[in-house]
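Each chain, letter by letter, is given below.
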Amino acid sequence: MYLCAKINLPIPSIMSQKMRTLTEPFKIKMVEPLRITSEAYRQAALEKAGYNPFLLRSNDVFIDLLTDSGTGAMSDRQWAGIMMGDESYAGARSWEHLEAVVQNLTGMQYVLPTHQGRAAERILYSILGGKGKVFISNTHFDTTRANIEYVGSEAIDIVCKEACDVESYADFKGNIDLEKLESLVTQYGKDSIAAVIMTVTNNSSGGQPVSMQNMKAVRKICDQHGLLMVIDGCRIAENSYFVNQREEGFAHKSYQEIAREMLNLGDAFIMSAKKDGMVNIGGLLTLKDESLSVKCKNLLIISEGFTTYGGLSGRDMEALAIGLDEVFDKDYLHYRIRSTAYLGEKLKEKGIPVVWPIGGHAVYIDAKKLYANVPVDEYPGQALVIDLYLKGGIRCVEVGSVMFGKYNDQGKLVPAVNELVRMAIPRRVYTQSHIDYVLDIFDDILELKNRKKGFKITYEPPFLRHFTAHFQPVN
Ligand code: F0G
């Protein structure tokens with residue numbers, strides 16, 4: 001019926017051949033020019049943007065590693081799907097296609113399309129949350145936390161102990177700490193706990209994977225205490241690759257089978273489709289429970305759109321349905337994970353402290369260690385982000401005290417646990433030579449590592465301050 005099915009011919013895997021250089025398993029059909037600017041130009045652009053990379057113009061960026069969200073390149077199959085999108089208000093063919101793909105992947109019956117992940121979060125967490133409610137997670141992503149705190153609830157992160165040592169190797173540093181989960185359940189009691197949210201892969205904790213064993217243990221605890229388990233799985237395909245490679249008993253299973261097995265453990269699935277959905281916009285909220293789905297649908301209709309398109313056009317849904325199939329292609333996933341690791345491993349060889357092992361979608365640099373002389377309240381991560389832009393036109397994001405810092409009653413910064421910088425890799429966008437260029441720029445960064453001063457914040461909003469805050473260099 002669908003174009004994707006017609007042209008999906010069996011092709012021998014490049015993984016079965018002897019691999020030397022890691023090659024992109026696609027060729028380029030359309031190009032988008034990049035602009036190379038001077039350091040003086042970039043200095044002026046930074047000043048204009050209040051030293052916040054989110055406020056830079058993309059035209060002034062050479063290599064954009066700000067996010068892997070909505071920045072990927074779609075395939076020819078997806079573009080063909082765009083042309084076939086059914087734009088009917090209700091019951092569109094493209095909706096049926098998407099619904100079937102998502103039901104098959106998640107094992108959940110009720111599928112709600114949203115314009116992106118945070119819209120799904122807002123709908124679900126405003127229904128489950130409220131004052132006095134607690135959400136517990138391996139690590140809440142920043143929009144997840146913001147949506148939870150916005151409705152007066154508390155968000156508690158309990159990532160596993162292995163994650164605290166950013167440089168040591170462990171297979172599944174994205175896991176939740178099961179002992180802490182048990183003790184929080186005892187402390188707060190079933191009625192106060194709105195949900196346990198498993199973020200897969202664990203974005204804010206280095207993009208590290210979560211094991212099937214950990215997920216099954218969480219399911220068991222949730223069953224014992226009657227708790228709801230939500231899977232925030234926008235990078236579920238990448239997580240499945242790691243389970244296949246690292247967890248005993250999964251080497252023979254396909255990435256799709258592993259994803260299905262994991263998602264089936266949840267009561268609800270939230271997905272920002274802008275990641276492993278391989279599209280530029282879109283989100284999903286998927287549920288097992290009918291009565292909860294009815295409440296969610298009522299909110300969906302008020303704020304997103306009718307239940308068979310939510311926040312999306314027919315063509316968006318068609319491209320997403322195809323993307324959710326393509327993302328599990330074994331050559332693609334191998335290239336995806338290995339090419340991210342290539343950047344991280346080469347940085348480590350250069351002596352740059354990176355979160356280890358390298359996660360799925362991004363390389364995280366330990367800025368506190370790299371810029372050891374910059375005090376934490378002068379945001380070493382922000383200093384590194386600025387230096388990378390200045391030296392190489394590379395844009396990335398601080399994941400430290402700018403993003404997660406709080407103030408105490410005296411107005412003093414309570415810093416985040418780590419001061420990281422994330423270099424997120426858009427899907428199917430940059431080639432190895434782009435990444436080699438990024439590696440070259442780090443030679444300049446190493447010359448700056450004795451930097452003593454960082455940045456101060458001159459403006460900040462009450463929520464998600466990293467998006468719009470302004471900074472000034474500390475003199
Ligand atoms: N959950 C996780 C784990 C995410 O990484 C994101 C977005 C969201 C939810 C929200 O989804 O952006 O579609 O509303 N992460 C992006 C990032 C923004 O850069 O990591 P959204």
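Residues numbered from 1 in each chain as written. Predicted model: local features only at pLDDT ≥ 70, side-chain atom pairs only at ≥ 80, totals over all residues. Heavy atoms only, no water.

The helix and strand inventory of the protein stands at 17 helices and 16 strands. A globule of 475 residues ought to have a C-alpha radius of gyration of about 23 Å, and the protein, at 22 Å, matches this closely. Dimensions of the protein, computed from the C-alpha atoms along their principal axes, are close to 60 × 55 × 45 Å. Scored against the burial criterion, the 475 residues of the protein give a buried share of 56%. Excluding contacts between residues fewer than 6 apart, the proportion of contacts in the protein whose partners are at least 24 apart in sequence is 71%. When the accessible surface of the protein is summed, it comes to about 20,200 Å², and 53% of that surface belongs to carbon and sulfur atoms. Within the protein, one finds 54 positive and 58 negative side-chain charges whose respective centroids are separated by 2 Å. (Helix = DSSP H or I, 4+ residues; strand = E, 2+ residues; numbered from the N terminus. Rg over C-alpha atoms; globule rule 2.2 N^0.38 Å. Buried < 20%, exposed > 50% of the residue type's maximum accessible area, 1.4 Å probe, protein only. Contact = heavy atoms within 4.5 Å. Areas by Shrake-Rupley, 256 points an atom, 1.4 Å probe, with all protein chains shown as cover. Lys, Arg positive; Asp, Glu negative; His and termini not counted. Charge placed at Lys NZ, Arg CZ, Asp CG, Glu CD.)

Moving on: the packing of aromatic side chains. With the rule as written, the count across this model stands at 10 aromatic pairs. A ring pair is formed by Phe62 and Tyr437, whose centres lie 5.0 Å apart and whose planes are at 85 degrees; its orientation type is edge-to-face. Within this pair, whereas Phe62 is found in the loop between helix 2 (39–48) and strand 1 (63–64), its partner Tyr437 is found in helix 17 (residues 432–447), the two being separated by 375 residues in sequence. Under the relative-accessibility criterion, Phe62 is labelled buried at 15%. On the basis of relative accessibility, which here comes to 25%, the residue Tyr437 falls in the partly exposed class. (Phe/Tyr/Trp six-rings, centres within 6.5 Å; stacked < 30°, edge-to-face > 60°.)

For the rest of this paragraph, the subject is the sheet that holds strand 8 (residues 283–287). If you walk across this open sheet you meet the 7 strands as 2-8-7-6-5-3-4, and the pairing is mixed. The open sheet has two edge strands, strand 2 (110–114) and strand 4 (154–157), and neither has a second partner. On average, each strand axis in the sheet is tilted by 20 degrees relative to the strand beside it, whichever way the strands run. In this sheet, strand 4 lies alongside strand 3 (residues 134–137) in parallel orientation, the contact comprising 4 bridges. The partner of Val134 across the bridge, within strand 4, is Glu154. (Pairing = 2+ DSSP bridges. Axes fitted to C-alpha atoms, helices over the stretch in contact; angles between N-to-C directions.)

A few words now on the site of the ligand. Taken together, 17 residues form the shell around the ligand, and within it Thr67, Arg118, Ser272, Lys275 and Arg422 come nearest. At a separation of 2.9 Å, an oxygen atom of the ligand approaches a polar backbone atom of Gly117. With 3 residues, helix 5 (residues 117–128) is the largest single contributor of residues to the shell around the ligand. Partitioned by chemical class, the residues of the shell around the ligand number 2 nonpolar, 8 polar and 7 charged. (Near = heavy atom within 4 Å. Polar contact = N/O pair within 3.5 Å; in protein donor to acceptor, adjacent residues only side chain to side chain. Nonpolar A, V, L, I, M, F, W, Y, C, P; charged D, E, K, R; others polar.)

Before going further, it helps to examine the side chain of Asn202. By the element assignment, Asn202 lies in the loop between strand 5 (193–199) and helix 8 (212–225). The class for Asn202 is buried, based on a relative accessible area of 0%. Side chain to side chain, Asn202 and Thr139 meet in a polar contact 3.0 Å long. Once you skip the residues sitting within four places of it in the chain, Asn202 turns out to touch Asn138, Thr139, Val159, Gly174, Gly207 and Gln208.

Another point: the nonpolar core. Counting 63 residues, the largest nonpolar core has Leu181 and Met215 as the members making the most contacts within it. Each of two domains, domain 1 (2–61 + 330–473) and domain 2 (76–326), supplies a minimum of three residues to this core. Those residues in contact with Met215 that sit more than four places away from it in its chain are Met198, Val200, Val210, Met229, Ile231, Met262 and Leu265. Counting residues in each nonpolar core, the second largest holds 48 residues, with Ala49, Ile425, Ile445 and Ile457 among its members. (Core = buried A, V, L, I, M, F, W, Y, C linked by side-chain atoms within 4.5 Å. Domains from an automatic or database assignment.)

Parsing the protein into structural domains produces domain 1 (2–61 + 330–473) and domain 2 (76–326). Its C-alpha centre places domain 1 at a distance of 24 Å from the equivalent point of domain 2. Taken residue by residue, the interface counts 38 residues in domain 1 and 40 residues in domain 2. Both faces combined, the contact of domain 1 with domain 2 buries some 3,300 Å², and carbon together with sulfur accounts for 60% of it. (Buried area = accessible area lost by both parts, 1.4 Å probe.)

A turn of α-helix holds 3.6 residues, and therefore any two residues three or four places apart point the same way. For helix 10 (residues 255–263), the set of buried residues is Tyr255, Ile258, Ala259, Met262 and Leu263. The arc that holds the buried residues of helix 10, viewed along the axis, is 125 degrees, so those residues lie on one side. Summarising the contacts, the buried residues of helix 10 are in contact with helix 4 (93–106), helix 8, strand 6 (229–232), helix 9 (236–246), strand 7 (268–272) and helix 13 (330–350). (Arc of directions from axis to C-beta.)

Considering the arrangement of structural elements, one finds Arg336 in helix 13. Residue Arg336 is classed as buried on the basis of its relative accessible area of 2%. Among the polar contacts made by the side chain of Arg336, one reaches the side chain of Glu238 at a distance of 2.8 Å. Setting aside chain neighbours within four positions, we find Arg336 in contact with Asp68, Glu238, Gly360, His361, Ile425, Pro426 and Arg427.

Our next topic: the pattern of salt bridges. By the definition in use, this model includes 30 salt bridges. Asp177 is paired through a salt bridge with Lys161; the nearest N and O atoms lie 3.5 Å apart. One end of the pair, Asp177, is in the loop between strand 4 and helix 7 (178–188); the other, Lys161, is in the loop between strand 4 and helix 7, and 16 residues separate them in sequence. The exposure class of Asp177 is buried, given its relative accessible area of 5%. Across the pair Lys253 and Glu261 runs a salt bridge whose closest N-O atoms are separated by 2.9 Å. Using a relative accessible area of 24% as the deciding quantity, one classes Glu261 as partly exposed. Overlapping salt bridges, with partners in common, bring together Asp68, Arg235, Glu238, Asp276, Arg336 and Arg427 in one network. (Salt bridge = Lys/Arg side-chain N within 4 Å of Asp/Glu carboxyl O.)

At their nearest, the axes of helix 2 and helix 15 (residues 380–392) sit 7 Å apart, and the two run at 140 degrees to each other. Within the contact between the two elements, helix 2 uses Glu39, Arg42, Gln43, Ala45 and Leu46 and helix 15 uses Ile386, Tyr389, Leu390, Lys391 and Gly392. Here the contact of helix 2 with helix 15 is built from residues that sort into 5 nonpolar, 2 polar and 3 charged.

Looking now at the sheet that holds strand 9 (residues 362–366). The strand order 9-14-11 describes an open sheet built from 3 strands, whose pairing is antiparallel. Unpaired on one side and paired on the other, strand 9 and strand 11 (397–399) mark the two borders of the sheet. Neighbouring strand axes in the sheet, compared pairwise and without regard to direction, differ in orientation by 35 degrees on average. Note that strand 9 and strand 14 (residues 420–424) share 5 bridges and pair antiparallel.

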